Amino acid sequence: MRAVIIGTFPDCPRMEPVYNPQVIERDIQAQWDRTGAARARETQDGADGRPKFYCLCMFPYPSGKLHMGHVRNYTIGDVMSRFHRMRGFNVLQPMGWDAFGLPAENAAMANKVPPAKWTYDNIAYMKKQLKSLGFAIDWERELATCKPDYYRWNQWLFLRMLEKGLVYRKSGVVNWDPIDQTVLANEQVIDGRGWRTGAIIEKREIPMYYMRITAFSEELLAALDTLPGWPERVKTMQANWIGKSHGVNIGFPYELDGANKVLRVFTTRADTLMGVTFCAVAPEHPLAAHAARTDAKLAAFVDECKRGSVMEADLAQMDKKGMPTGLYVTHPVSGEKLEVWVGNYVLMTYGEGAVMGVPAHDERDFAFALKYGLPIKPVIDVAGKPYSTQAWQDWYAEHGVCVNSGKYDGLDFERSVDAIAADLKAKDLGDKQVTWRLRDWGISRQRYWGTPIPIIHCETCGDVPVPDEQLPVVLPEDCVPDGSGNPLNKRQDFLACACPKCGKPARRETDTMDTFVDSSWYYIRYACPDQSAAMVDARVKYWLPVDQYIGGIEHAILHLLYSRFWTKVMNKLGLVEFEEPFAKLLTQGMVLNEIFYRKAGEGRITYYNPADVDFVTDESGKRSGAVLRADGLPVATDGIGTMSKSKNNGVDPQQLIEQYGADTARLFMMFASPPEQTLEWSDAGVEGSYRFLRRLWAFAHQAHAPVSAESARRKGAVDGYEFPADFAAAWPRQAALRREVHAVLKQASFDIQRNQFNTVASAAMKLLNALSGSLESSDEAAGSAATPAPALHQAVLHEGLGILLRVLYPITPHVCHALWSELGYAGDLLHAPWPEVDEAALRQDEIELVLQINGKLRGRMTVPSTATREHIERLAVTQEAVLRHSEGRAVKKVIVVPGKLVNVVV
RNA sequence: GCCGGAAUGGCGGAACUGGUAGACGCGCCGGACUCAAAAUCCGGUUCCAGCAAUGGAGUGAGGGUUCGAUUCCCCCUUCCGGCACCA
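Residues numbered from 1 in each chain as written. Chains lettered and ligands numbered in written order. Predicted model: local features only at pLDDT ≥ 70, side-chain atom pairs only at ≥ 80, totals over all residues. Heavy atoms only, no water.

So, the side chain of Gln238
Rules: Helix numbering and strand numbering both begin at the N terminus, where a helix is a DSSP run of H or I of at least 4 residues and a strand a DSSP run of E of at least 2. Relative accessibility under 20% of the residue-type maximum defines a buried residue, over 50% an exposed one, and the middle range a partly exposed one, all with a 1.4 Å probe and only protein chains included. Definition of a polar contact: a pair of N or O atoms within 3.5 Å, with one able to donate and the other able to accept a hydrogen when the atoms are protein atoms, and with sequence-neighbouring residues admitted only if both atoms are side-chain atoms. The contact criterion used throughout is that any non-hydrogen atoms of two residues lie within 4.5 Å.
Position of Gln238 relative to the elements: it lies in helix H7 (residues 232–242). For Gln238, a relative accessible area of 0% corresponds to the buried category. Side-chain polar atoms of Gln238 contact the side chain of Arg564, separated by 2.8 Å. Contact partners of Gln238, with chain neighbours within four places excluded, come to Leu224, Trp230, Ala556, Ile557, Leu560, Leu561 and Arg564.

Here we look at the pattern of salt bridges
For clarity, the cut-off: The term salt bridge refers to a side-chain nitrogen of Lys or Arg lying within 4 Å of a carboxyl oxygen of Asp or Glu.
By the definition in use, this model includes 41 salt bridges. A salt bridge links Asp418 to Lys432; the shortest N-O distance between them is 2.5 Å. Pair noted here: Asp418 is in helix H12 (residues 413–426) and Lys432 is in strand E19 (residues 430–436), with a separation of 14 residues, a long-range link. Residue classification places Asp418 among the partly exposed residues on the basis of a relative accessible area of 36%. Overall, the relative accessible area of 48% leaves Lys432 in the partly exposed class. Between Lys541 and Glu577 there is a salt bridge, with the nearest N and O atoms lying 3.8 Å from each other. Here Glu577 lies in the loop between helix H17 (558–572) and strand E28 (582–588) and Lys541 lies in helix H16 (residues 538–543), a separation of 36 residues in the sequence.

Describing the sheet that holds strand E16 (residues 354–357)
Defined as follows: A strand pair is defined by DSSP finding two or more bridges across the two strands. In this analysis, axes come from line fits to C-alpha atoms, helices being fitted only over the stretch in contact, and the angle between any two N-to-C directions falls in the range 0 to 180 degrees.
A sheet is described by the order of its strands in space; here four strands give the open sequence E14-E15-E13-E16, paired in mixed fashion. The outermost strands of the open sheet, each flanked by one partner alone, are strand E14 (322–330) and E16. Ignoring strand direction, the axes of neighbouring strands in this sheet form an average angle of 30°. One ladder, built from six bridges, connects E14 with strand E15 (residues 337–343); its direction is antiparallel. Within E15, the residue paired with Gly322 across the bridge is Gly343. Seen against the sheet, helix H9 (residues 296–306) touches E14 and E15 and runs at an angle of roughly 115° to E14. Each of strand E13 (278–281), E14, E15 and E16 is contacted by helix H11 (residues 363–372), which is oriented at about 100° to E15, the strand it contacts most.

Concerning the nonpolar core
Soluble globular proteins: nonpolar side chains tend toward being buried together. Heads up, the rule is: Put simply, buried Ala, Val, Leu, Ile, Met, Phe, Trp, Tyr and Cys residues joined by side-chain atoms within 4.5 Å make one nonpolar core.
Phe158, Tyr522 and Leu544 are the most contacted members of the largest nonpolar core, which totals 184 residues. Sorting elements by how many residues they give to this core places helix H24 (residues 757–775) first, with 11 residues. Ranked by size, the runner-up nonpolar core spans 40 residues in total, among them Val281, Phe301, Cys305 and Met356.

Here's the deal with the protein's contact with RNA strand B
Put simply, the rule is: Being near a molecule or strand, for a residue, comes down to having at least one heavy atom within 4 Å of it. Under the grouping applied here, Gly and all other residues not named as nonpolar or charged are polar, the nonpolar ones being Ala, Val, Leu, Ile, Met, Phe, Trp, Tyr, Cys and Pro and the charged ones Asp, Glu, Lys and Arg.
Taken together, 76 residues form the shell around RNA strand B, and within it Asp98, Asn186, Arg447, Arg754 and Asn903 come nearest. Here the atoms of RNA strand B within 4 Å of the protein split so that 63% fall in sugar or phosphate, with bases taking the remainder. Here Asp98 contributes a side-chain N or O atom positioned 2.6 Å from a sugar or linking oxygen of RNA strand B. Arg860 places a side-chain nitrogen or oxygen 2.8 Å from a base oxygen of RNA strand B. The element contributing the most residues to the surface near RNA strand B is H24, with six residues. Per-class residue counts for the surface near RNA strand B are 28 nonpolar, 26 polar and 22 charged.

A look at the sheet that holds strand E27 (residues 546–552)
Taken together, the four strands give an open sheet; going across it, the order is E3-E2-E27-E28, and neighbouring strands pair in parallel fashion. Where the open sheet ends on each side, the last strands, each with one partner, are strand E3 (90–92) and E28. Strand-to-strand, the axes of this sheet are offset by a mean angle of 20°, without reference to chain direction. Note that strand E2 (residues 52–57) and E3 share three bridges and pair parallel. Within the sheet, the bridge partner assigned to Tyr54 lies in E3 and is Leu92.

Observations regarding the pairing of E28
Selection criterion: By definition, the crossover connecting two strands over a helix is right-handed if that path, from the first strand to the second, turns clockwise as seen with the strands pointing away from the viewer.
Within E28, five of the seven residues are buried, which leaves it mostly tucked inside the rest of the structure. Note that E27 and E28 share six bridges and pair parallel. Each residue of the ladder has a partner; that of Val546, found in E28, is Phe582. Crossover connection from E27 via H17 to parallel E28: handedness right-handed.

Focus on the packing of helix H26 (residues 790–808) against helix H27 (residues 813–822)
Short version of the rule: Convention used here: angles under 35 degrees read as roughly parallel, angles over 145 as roughly antiparallel, angles from 65 to 115 as roughly perpendicular, and any remaining angle as oblique. A crossing counts as left-handed when the near helix is turned anticlockwise from the far one by less than a right angle, and as right-handed when that turn is clockwise.
Where H26 contacts H27, the axes come no closer than 9 Å and their chain directions differ by 155°. Considering the angle they form, H26 stands roughly antiparallel to H27. The hand of the H26/H27 crossing is left-handed. Two secondary-structure elements touch here, H26 through Gly802, Leu805, Arg806 and Leu808 and H27 through Cys816, Leu819 and Trp820. Taken together, the residues of the contact of H26 with H27 sort by class into five nonpolar, one polar and one charged.

Digging into unusual backbone geometry
The linkage connecting Leu471 with the following residue, Pro472, adopts the cis geometry, with an omega of -5°. For the bond running from Leu544 to Pro545, omega is 0°, close enough to zero to count as cis. Within the secondary structure, Pro545 is located in the loop between H16 and E27. For Asp428, which is not glycine, the phi torsion reads 60° and is therefore positive. In this fold, Asp428 is placed in the loop between H12 and E19. The residue Asn755 is not glycine, and still its phi comes out positive at about 65°. Here Asn755 is to be found in the loop between helix H23 (732–753) and H24.

What about the pairing of strand E36 (residues 846–853)?
Bridge analysis of E36 against strand E37 (residues 856–864) gives eight bridges, and the strand direction is antiparallel. Within the sheet, the bridge partner assigned to Ile847 lies in E37 and is Val863. Hairpin geometry of E36 and E37 is characterised by an intervening segment of two residues between the two adjacent antiparallel strands and by a positive phi of about 50° at Asn854. Pairing of E36 with strand E39 (residues 901–905), which is carried by four bridges, proceeds in the parallel orientation. Note on E39: the bridge partner recorded for Leu851 is Val902.

Topic: the environment of Cys479
Its place among the elements puts Cys479 in the loop between strand E23 (462–465) and helix H13 (492–495). Separated by 352 residues in sequence, Cys479 and His831 place their C-alpha atoms 48 Å apart. Those residues within four positions of Cys479 in sequence are excluded, and the remaining contacts are Pro114, Pro115, Tyr448, Pro487 and Arg491.

Regarding the environment of Asn240
Inspection of the secondary structure assignment puts Asn240 in helix H7. When the C-alpha positions of Asn240 and Phe723 are compared, they lie 59 Å apart, and in sequence the two are 483 residues distant.

A word on the packing of aromatic side chains
For clarity, the cut-off: A pair of aromatic rings is counted whenever rings of Phe, Tyr or Trp (Trp by its six-membered ring) have centres within 6.5 Å, and the orientation is called stacked for planes under 30 degrees apart, edge-to-face for over 60 and tilted otherwise.
One pass over the structure, following the stated rule, counts 37 aromatic pairs. Considering the side-chain rings of Phe100 and Trp449, the 4.9 Å spacing of their centres and the 80° angle between planes classify their relative orientation as edge-to-face. On the criterion of sequence distance, the pair formed by Phe100 in the loop between strand E4 (96–97) and helix H3 (102–111) and Trp449 in the loop between strand E21 (444–445) and strand E22 (455–458) is long-range, its members being 349 residues apart. The exposure classification of Phe100 matches that of Trp449, with both residues buried. What links up through ring pairs into an aromatic cluster is the set Phe59, Tyr522, Tyr523, Tyr526, Tyr549 and Phe582.

Quick look at the confidence of the model for chain A
The test is simple: As a per-residue quantity, pLDDT reports the predictor's confidence and falls between 0 and 100.
Mean pLDDT over chain A: 90, with 95% of residues reaching 70 or higher. Segment residues 1–11 is flagged for pLDDT under 50; beyond a separation of four residues in sequence, or across chains, it makes 21 contacts in the model. Contacts from residues 778–787, a stretch scored under 50 in pLDDT, to residues over four places away or in other chains number six contacts. For this predicted complex, the interface confidence reaches an ipTM of 0.96, while the overall pTM sits at 0.93.

A look at helix H19 (residues 662–672)
Within H19, nine of the 11 residues are buried, which leaves it mostly tucked inside the rest of the structure. When H19 is considered as a whole, its buried residues turn out to be Ala662, Asp663, Thr664, Ala665, Arg666, Leu667, Phe668, Met669 and Met670.

Quick look at the structure:
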């Protein structure tokens, strides 16, 4: 039997009893559109009193339709935007399209559709999807990087950088498909073969434009310390990527064709110089090329090294191989002859493309020496630990004291490096040097769908920059790539031009820019997307830098580093005043789903979408298997992985929105895990989120009468609730409810500020549980307590629901917005402030402490909240649980953690 | 291979600065409602022993610091992200 404490409320006659997200969301989105709710305006230096908050999500590549990663990213951004708006900020949340790139060309090859059309169609569809998710995006600032009014500024800044020497031309290595006669991207090279032709890929050197990011190495590294709002791990990754290392540049003299030359190497372990037993150069090193001319076997080896992909990950995992060149260099100190080898593990792109081989103290050199029978000469003693040339031990590479090193014997790492560097300097064969891992940024792409590089090749004048007044160099939008190279090479109307210097017929550059160029400054252009006379204008000063940037962890290095570099260039050119583009950074985790497959006959694997798979569970609910719904037969599982086309484990957000509505999609995304962690997809979890919103709706319907009555009484106000002085004593149930509401609010306020949105969602669930529990109560309780005043309960309910709707609003704005106005709360929820915690509501007369004996939980005790430490200690040692568990042993120590626990040590 | 992360019930996750491990949700079990089912509502649910009170174990493995460790330190394993032309 149940009775309602405060009487039965009649159902609301106006409000729909059933939650209908499709209708609610459509209506509210139309209203937001009409009123320009998300439009951001510059205010003169905060003249309206509000500080600005620029909240930016990484813009999407328009691949066709949104994927769950987008939904997650943009929901996080929208929650932060709406929350900051509630906290009184002038918020900008823009959106645009990273519209150049390889997939458009691949789609063109598959469907014979020009990349431009494919891209614009995708943008239109995805924009519709974003709108249906209810993000508070200022669409008036939308931009697409494939439009000339955007990329003309890529070209313009490129020319400025060229003038300043920050852009230069040199040769670079690319993947060359000898059959299609075309350059391939790394992802188009599979196991060293072209994806379409299957031909073995060759490395080929071609001329390319580079941006001199290395000129900023020191700044990019040092400025990481000025970014407290960035995750530590991202800063560490960037620092390691920039890779500043202190070492010594060492010259090994040799004679070649009668001329005296020097082989230069860089090492951080100059202390091991006397242990050098050989030198190794990269296959691309000039010395290797020289030796290969007269050595057919070596030439074949160098050739072999040139096959396969250019990816560093591939190179690093190859078997270490090498071959002697037959050339010798002289040890700069001992005068010993050292053979020069070609090693496939030596990178031409780091240092000088050559290394000194110290097998005794470098693991790679050790393996190399064992394989080819080269001498191993230990010269460092590490705390007397034994050395054996039979097997590598990790301590061989540690710092120690020089031995077997002649005059350097007995010196530690620092002193030996100093001494050796000084000796080399005296002989003009080396010195201390700082080397960076960071390489200059090659931006040339031998592809069509990108920003044309604004250069004209003239037979007389050479490479001539396109004059500013001829910008933009417009990319024709009707080309259809066919896989055999850049179609621009066949476009006479694009190629033909006059040399700006001499006026003679000339040829336009057909390489386009890396798409990382586009994404390196789009966040600046959002401030002034309609500015046709300049790259930036005064509005940039108001909005930038970005206050909060949100995007996938996979961009931790490249995109973020290039953006930081580009910002520094613009700063040096006087275009912007800030030096770092993103004050705070949130790197969201990836969205994962289960992978199911079956193996057909000859090793072919078919992947099945998890939506088509049913689980088999045992009686405890534990999963014991999975079957394909279509045939009921088992499928194998391959764990979980990022949603991808190749594993067929993607979930289409569109279906989700259509079935449950945007709010459910958003709620699940936020509830399933905190933003920085990976998120595992779960249909059941989506159901749970939907169920919660339905319960919320039903509760609002049920509580409509008292809440709207209270709204009418207080004219919708959500502050200034007043309770009698004896509230807690006279109405303990109401006081307890109110205490819980404010305790949960306190936690939610803390969590939303630290971006832990999953517990904000769970706070909303707790609030609903508490409030709906208060509508009904058991007979017993109703009979034992005095009849509560309906007015007081009504006020607590009104306050609690007002808090719940505002806590949940950033996550599920549509349903909250609808209920807010249905229940008569004042104004538009869009402009409502985040609720304040009433500390008075949290006060308690008695608190419960946990009682531990030797750190083990043994009981609880209730003490007045004002109890002193001494009082608690005295009370604790007399507790029954303590006496029982101490078994007569004397109490050694009592530790009191105020408000939490007492630990009795015996 | 190198650099950076992560690991907690049947599952996703919570536990803020070292202080009650498992909030909230899912799943499962039991009950109510129903002719029945779905939906909804109520109760239970880390594991082991026990009717229970209670006791023991427990945060990927192994060590350490501490009155007390999911949290700090060392070492190992597995998984994930990046490695410069996917974006």
